[in-house]
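# Coordinate analysis (summary)
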Amino acid sequence: MKTRFLMNETEPGAYAAMLAMEKYLSTTGIAPLHQELIRIRASQINGCAFCVDKHSKDALKQGETTQRLLLLTVWRESPQFTEEERVILAMTEEITLISQQGLTDETYEKAVATFGLNGAAQLIMAVNIINAWNRIGVSTRRIPA
């Protein structure tokens, strides 16, 4: 497989808009490691190898363990994830797999109870941003370096 093109070179304005959304995430209350878990889990579901590779490396640099990264696809069956992380991962899966049922009332209510309304809104944005990046990466056949 070969990369079709790089978005930042072909459509720099579109790429800049994506970077602006990414910059927004740095203003949220979402912990950097939680942001990486969102990015990795959505990327696994979407089949974006470039993003799984990039964000796994980023998570390791931030202190994430190899064990938790290996268990991320089976987080529901793994006691290594906190209750907050379980809410985040449930949101990530439900929003990423929106055609199945979308964000359920149960998960939404847990998110608001755990993170507040603004925190839940920020998490929804974080999931949507990585899903957009994944669609760019998969469409352009971006491959890990």
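Everything below is about the structure printed above this text.
In this structure the tally under the stated criterion is 10 salt bridges. The residue arginine 39 makes a salt bridge to glutamate 36 at a minimum N-O spacing of 2.8 Å. Here arginine 39 pairs with glutamate 36, and both are found in helix α3 (residues 32-46), just three residues apart, close to one helical turn. Of the charged contacts, one joins arginine 41 and glutamate 93 as a salt bridge, the two residues approaching to 2.8 Å between their closest N and O atoms. Of this pair, arginine 41 sits in helix α3 while glutamate 93 sits in helix α6 (residues 83-96), and the two are 52 residues apart along the sequence. Since its relative accessible area comes to 11%, arginine 41 is described here as buried. Taken together, the shared-partner salt bridges connect Glu22, Glu36 and Arg39 into one network.

Inspection of the entire model under this criterion finds one aromatic pair. Aromatic side chains tyrosine 15 and tryptophan 133 sit 5.5 Å apart centroid to centroid with 70 degrees between the ring planes, which places their arrangement in the edge-to-face category. Residue tyrosine 15 is located in helix α2 (residues 12-25), and its partner tryptophan 133 is located in helix α7 (residues 105-139); the two are separated by 118 residues in the primary sequence. What makes tryptophan 133 buried here is its relative accessible area of 15%. The ring centre of phenylalanine 50 lies 4.1 Å from the NZ or CZ of arginine 142, which sits over that ring.

Attention now moves to the packing of α6 against α7. It is at 9 Å that the axes of α6 and α7 come closest, and there the two elements cross at 50 degrees. Judged by the angle between their axes, α6 and α7 are oblique. In this structure, α6 crosses over α7, and the sense of that crossing is right-handed. On α7, the residues touching Glu84, Val87, Ile88, Ala90, Met91, Thr92, Glu94, Ile95 and Thr96 of α6 are Thr107, Lys110, Ala111, Thr114, Phe115, Ala120, Leu123, Ile124, Val127, Asn128, Asn131 and Arg135. Broken down by class, the residue content of the contact of α6 with α7 amounts to 11 nonpolar, six polar and four charged.

In this fold, leucine 89 is placed in helix α6. For leucine 89, a relative accessible area of 0% gives the class buried. Once residues lying within four places of it in the same chain are set aside, the contact partners of leucine 89 are Leu37, Arg41, Leu72, Trp75 and Phe81.

Here we come to the state of the cysteines. Enumeration over the complete set of coordinates arrives at zero disulfides. Here cysteine 48 stays free of any disulfide, with the sulfur of cysteine 51 as its closest cysteine sulfur at 3.3 Å. Relative accessible area serves as the criterion here: at 1%, cysteine 48 is assigned to the buried category.

Rules used in this analysis
Residues numbered from 1 in each chain as written. Predicted model: local features only at pLDDT ≥ 70, side-chain atom pairs only at ≥ 80, totals over all residues. Heavy atoms only, no water. Salt bridge = Lys/Arg side-chain N within 4 Å of Asp/Glu carboxyl O. Helix = DSSP H or I, 4+ residues; strand = E, 2+ residues; numbered from the N terminus. Buried < 20%, exposed > 50% of the residue type's maximum accessible area, 1.4 Å probe, protein only. Phe/Tyr/Trp six-rings, centres within 6.5 Å; stacked < 30°, edge-to-face > 60°. Lys NZ or Arg CZ within 6 Å of the ring centre and 35° of its normal. Axes fitted to C-alpha atoms, helices over the stretch in contact; angles between N-to-C directions. Parallel < 35°, antiparallel > 145°, perpendicular 65-115°, else oblique. Left-handed = near helix turned anticlockwise from the far one by under 90°. Contact = heavy atoms within 4.5 Å. Nonpolar A, V, L, I, M, F, W, Y, C, P; charged D, E, K, R; others polar. Disulfide = S-S within 2.5 Å.

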